Amino acid sequence: MSNPMLANPSATDKNVLKKYLDLPQPMDKILATYIWIDGTGENLRSKTMTVDFIPKEASQLPWWNFDGSSTSQAEGSNSDVYLKPVSIFKDPFLLGQNVLVMCETYKYDKTPADTNKRASCVDAMTKAKDTEPWFGIEQEYSLMDRDGWPFGWPKPHGYPQPQGPYYCSVGADRSYGRDIVDAHYKACLYAGVKICGINGEVMPSQWEFQVGPCEGIDAGDHLWMGRYILHRVAEEFGIVVTFDPKPISGNWNGAGAHTNYSTKQMREDGGIKYIEDAIEKLAKRHEKHIQVYDPKGGLDNRRRLTGLHETSSITEFSAGVANRGCSIRIPRSVGEQKKGYLEDRRPASNCDPYSVTEMLVRTTVLNERD
């Protein structure tokens, strides 16, 4: 890739940084970077503290707090919001024994913050634990220059050749940003994120990484951490990551977070019956799912789920085998083997995975109705 300092005047020299990262760190001190979802429901924030022990699990780390009035999560007159550590990962940036810490947010009275979707997701996953819900999430995203135009597209605000040659492509004329994708993949593996694959997507400069299979609450924890690491990696290249479901209007594919879902019964012989039962339940609750499948109550997805560009219509529920234009897709292999999983293609790329996985479980396992 080109020198990011030429395109990004705020870029710094990473060779200078390396001298300091290589300094020996006291054996009895680690850096714990606390990460949380802010008031938008889709952006991440972080801050770091020194801890004088090596945590084996998140519950050993102390609760912390931050200024919620600066993240749209509290009033200025009562601005402290608490951070509760819930999951830890190795830090691929500071290395050593340092850790990244996924956190839940809590109000001053220790009740979950409005943007804390994880707490209710844990409740659902606990109730459904015996069914062993598994998830695999296909996270699509787009790489953008700091001027808001897709990375690698002609300047100023020009367009590349139409869609067709970019999906899973190779070559400098059609694959934009592979350095970031490969760096992110290796960083996630190091951190312990359950990343299982990547590929170039249909729109140039659009990519996808997949997380899973994860059971229960782990799906949300690992996807959010994968997003955080992606933002941090792209930051070092002077590139911006957007999870906007339709970053460029017109004849360009949008971005989703297709969610593969199964229970123990679905994965066993004859599981197709339970898959079909789940689809019937999902059909009856389509509108409710749409409301929670993006952070704006469906408004973001309305720009994407048009029935075009490999999407279903936002207003109509549909299901089919190997049909990428359906709300719910049954993979061809599942249809042949009569067991496996279903793919919910409705979640937007900027969805909260806690909300998506929770809704799937509450609708299909806990049999909740509107």
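These numbers were taken from a predicted model, which means no experiment stands behind them.

A. How the structure looks around a nonpolar patch on the surface. Side chains of V16, Y20 and L23 sit close together on the surface and give an oily, nonpolar patch of about 310 Å² of accessible area. Topologically, V16 is positioned in helix α2 (residues 14-21). Residue classification places V16 among the partly exposed residues on the basis of a relative accessible area of 46%.

B. Layout of the sheet that holds strand β4 (residues 80-90). Read across the sheet, five strands follow the order β2-β1-β5-β4-β3 without closing on themselves; strand pairing throughout is mixed. Two strands close off the open sheet at either side, each with one partner strand: β2 (44-51) and β3 (64-67). Between one strand and the next, the sheet's axes are offset by a mean angle of 40 degrees, whatever the strand orientation. By the bridge criterion, eight bridges tie β4 to strand β5 (residues 99-106) in an arrangement that is antiparallel. Across the sheet, K90 pairs through a bridge with V99, a residue of β5.

C. Fine view of the domain arrangement of the protein. Splitting the protein by domain gives domain 1 (20-115) and domain 2 (125-365). A C-alpha centroid distance of 26 Å is found between domain 1 and domain 2. At the junction of the two partners, domain 1 supplies 20 residues and domain 2 supplies 21 residues. Summing both sides of the interface, domain 1 and domain 2 together bury roughly 1700 Å²; the carbon and sulfur share of this comes to 70%.

D. Here's a closer look at the pairing of strand β10 (residues 257-262). Buried residues dominate β10, accounting for six of its six residues. Where burial is concerned, the two faces of β10 agree: the one with A257, T259 and Y261 and the one with H258, N260 and S262 are both buried. As paired strands, β10 and strand β13 (residues 342-344) are joined by three bridges and run antiparallel to one another. Following the sheet pairing, Y261 is matched in β13 by L342.

E. Region of the structure containing helix α3 (residues 118-127). Turning to α3, its buried residues are R118, C121, A124 and M125. Viewed end-on, α3 has its buried residues packed into an arc of 115 degrees, placing them on one side of the element. Facing away from the buried side of α3 by over 90 degrees, the exposed positions are T126 and K127. Buried residues along α3 sit against β4, β5, β6 (134-144), α5 (218-237) and α11 (353-364).

F. Representation of the pattern of salt bridges within the structure. Enumeration according to the criterion identifies 23 salt bridges in this entry. Here R118 makes a salt bridge to D221, at a shortest N to O gap of 2.9 Å. One end of the pair, R118, is in helix α3; the other, D221, is in helix α5, and 103 residues separate them in sequence. For the residue pair R118 and D221, the accessibility class agrees, reading buried in each case. For D147, the salt bridge is made with K155, and the minimal N-O distance between the two is 2.7 Å. One continuous salt-bridge network, built from bridges that share partners, spans E42, D244, K296, D300 and R303.

Quick notes on the rules
Residues numbered from 1 in each chain as written. Predicted model: local features only at pLDDT ≥ 70, side-chain atom pairs only at ≥ 80, totals over all residues. Heavy atoms only, no water. Patch = residues over 30% accessible without salt bridge, like charges linked within 9 Å, V, L, I, M, F, W, Y side chains within 5 Å. Areas by Shrake-Rupley, 256 points an atom, 1.4 Å probe, with all protein chains shown as cover. Salt bridge = Lys/Arg side-chain N within 4 Å of Asp/Glu carboxyl O. Helix = DSSP H or I, 4+ residues; strand = E, 2+ residues; numbered from the N terminus. Buried < 20%, exposed > 50% of the residue type's maximum accessible area, 1.4 Å probe, protein only. Pairing = 2+ DSSP bridges. Axes fitted to C-alpha atoms, helices over the stretch in contact; angles between N-to-C directions. Domains from an automatic or database assignment. Contact = heavy atoms within 4.5 Å. Buried area = accessible area lost by both parts, 1.4 Å probe. Arc of directions from axis to C-beta.

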